[in-house]
Amino acid sequence: MDLHHEFTVPVPVEDAWRVLLDIERVAPCMPGATVEDYDGKTVTGSVKVKVGPITLTYRGTAVFEEQDEVAHRMVLIASGKESRGQGTARARVTGTLSERDGGTAVSVETDLTVTGRPAQFGRGVMAEVGDKLVGQFADCLSERLEESSARPEAAPGRPSEPGRAEDSRRLDESELLGEPSVSVRSEAEPIDLLRTAGMPVAKRLVVAVAAAVAAALVFLRLRRRRHP
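Here is what the cut-offs are and how they apply
- Residues numbered from 1 in each chain as written.
- Predicted model: local features only at pLDDT ≥ 70, side-chain atom pairs only at ≥ 80, totals over all residues.
- Heavy atoms only, no water.
- Core = buried A, V, L, I, M, F, W, Y, C linked by side-chain atoms within 4.5 Å.
- Buried < 20%, exposed > 50% of the residue type's maximum accessible area, 1.4 Å probe, protein only.
- Helix = DSSP H or I, 4+ residues; strand = E, 2+ residues; numbered from the N terminus.
- Contact = heavy atoms within 4.5 Å.
- Pairing = 2+ DSSP bridges.
- Disulfide = S-S within 2.5 Å.
- Patch = residues over 30% accessible without salt bridge, like charges linked within 9 Å, V, L, I, M, F, W, Y side chains within 5 Å.
- Areas by Shrake-Rupley, 256 points an atom, 1.4 Å probe, with all protein chains shown as cover.
- Salt bridge = Lys/Arg side-chain N within 4 Å of Asp/Glu carboxyl O.
- Lys, Arg positive; Asp, Glu negative; His and termini not counted.
- Charge placed at Lys NZ, Arg CZ, Asp CG, Glu CD.
- Phe/Tyr/Trp six-rings, centres within 6.5 Å; stacked < 30°, edge-to-face > 60°.

Named according to an unreviewed UniProt entry, the protein chain is Carbon monoxide dehydrogenase originating from Streptomyces albiflavescens.

Draft legend 1. The nonpolar core, seen in detail. F7, V9, L20, M74, L97, F137 and L141 are the most contacted members of the largest nonpolar core, which has 26 residues in total. For this core, the secondary-structure elements that each account for two or more residues are β1 (2-9), α1 (13-20), α2 (23-26), β2 (33-38), β4 (54-68), β7 (103-114) and α3 (122-149). Sorting elements by how many residues they give to this core places α1 first, with five residues. Those residues in contact with F137, other than ones at most four positions away along the chain, are F7, L20, V26, C29, M30 and P31.

Draft legend 2. Structural context of the side chain of S107. One can find S107 in strand β7. Excluding residues within four positions of it along the chain, S107 makes contact with H4, H5, E6, T94, G95 and T96.

Draft legend 3. Looking closely at the pairing of strand β6 (residues 88-100). Relative to β6, strand β5 (residues 73-82) runs antiparallel, the two sharing nine bridges. Looking at β6, one finds that R73 is bridged to T96. Counted between consecutive antiparallel strands, the loop separating β5 from β6 contains five residues. Where β6 lies against β7, 12 bridges are found, and the strand directions are antiparallel. Opposite A89, over in β7, you have V114 as the bridge partner. Linking two consecutive strands that pair antiparallel, namely β6 and β7, is a turn of two residues; a positive phi of about 50 degrees is found at D101 within it.

Draft legend 4. Fine view of unusual backbone geometry. Not every positive phi belongs to a glycine, and H72 is a case in point at roughly 55 degrees. Mapped onto the elements, H72 comes out in the loop between β4 and β5. Given the relative accessible area of 11%, H72 is considered buried.

Draft legend 5. Broad picture of the state of the cysteines. Per the counting criterion, the structure on display carries one disulfide. Sulfur-sulfur distance for the disulfide between C29 and C140 comes to 2.1 Å. Between C29 and C140 the disulfide shows an S-S torsion of about -65 degrees. By sign, it is left-handed. Within this pair, whereas C29 is found in the loop between α2 and β2, its partner C140 is found in helix α3, the two being separated by 111 residues in sequence. In this structure C29 comes out as buried when scored by relative accessible area, which is 4%.

Draft legend 6. Inspection of the pairing of β1 at higher detail. Side chains L3, H5, F7 and V9 of β1 all project onto a buried face; the interleaved residues D2, H4, E6 and T8 project onto a face where none is buried. For β1 and β7, the ladder comprises eight bridges, and the chain directions are antiparallel. Paired with H5 across the strands is V108, a residue of β7.

Draft legend 7. Spatial organisation of a negative patch on the surface. Together, D22, E24, D37 and D39 line one region of the surface with negative charge. Along the polypeptide, D39 turns up in the loop between β2 and β3 (42-51).

Draft legend 8. Geometry of the packing of aromatic side chains. Following the criterion strictly, the structure yields one aromatic pair and no others. Measuring from ring centre to ring centre gives 5.9 Å for F7 and F137, while their planes differ by 85 degrees; the resulting arrangement is edge-to-face. On the criterion of sequence distance, the pair formed by F7 in strand β1 and F137 in helix α3 is long-range, its members being 130 residues apart. Assessed through its relative accessible area of 14%, F137 is described here as buried.

In C-alpha cells form, the structure reads like this:
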C-alpha cells in the first residue's frame, strides 16, 4: 500500500536535514521503535506493535539507499520479521524536505507491505494509524527543536574567552535536538493499533470481526444440514 504524510518543523532546511539523518537523536521520537545499532548507513533495531492483547515484535534493518544533500531527498529501505511468528513488514520510505515560511516541510512517501495479523486491518485503517503516528513523531520533533531554539543566549557585554565562540557554535550544532530523553537502546512502548486508530476505527474493526464470525456460524450451520 502507498501512504503519504507531510509535516513541518520550525527550523531551516539545512538544519532539519542534518537532524533527520541523526538517527540516534530522533530515535526517542519514533513510536514503538528501538534502535540497537547504527553505523551511519544501516540501522538495526525493532518495532513493537500491539494488536488487542497480543504484542508483536518486528526485528530487522533499515538502510539508507539514497541521501541527496543538494535536493534534500532521502530514501530508506526497511524490512523486518516477527520474532515469534511468520509476519513480515517491508517499506520503501522516500523523504523530501523543502523550505516553507522560514521552516521546513517534510514530505514522506511510503510503499508499505505487511503480512500477518496487522494486515487484517486493511489500507484504510493502516493509513489512519500512519497519520497519527507521523503526527506524534512530528509533534515530538518540533517540541525538541523549539526547546533548543528557545535556549537563552550568552549575557550581553560578557567578555569572550579564546576559542569560546567556536566551542559555542559546535555545541549549538551538536545539541540541536538536546539530549535524548531516553537511550536509543531502551525498550520502547509498543504501538497500540486499536488505541492509535481511535474509537471510530475500532468500532469498524469490531463490526468487521462480528460480521466474519456471523458468516462463519452460518457456514457451519449450512454444512451441518448438508452433512447430518
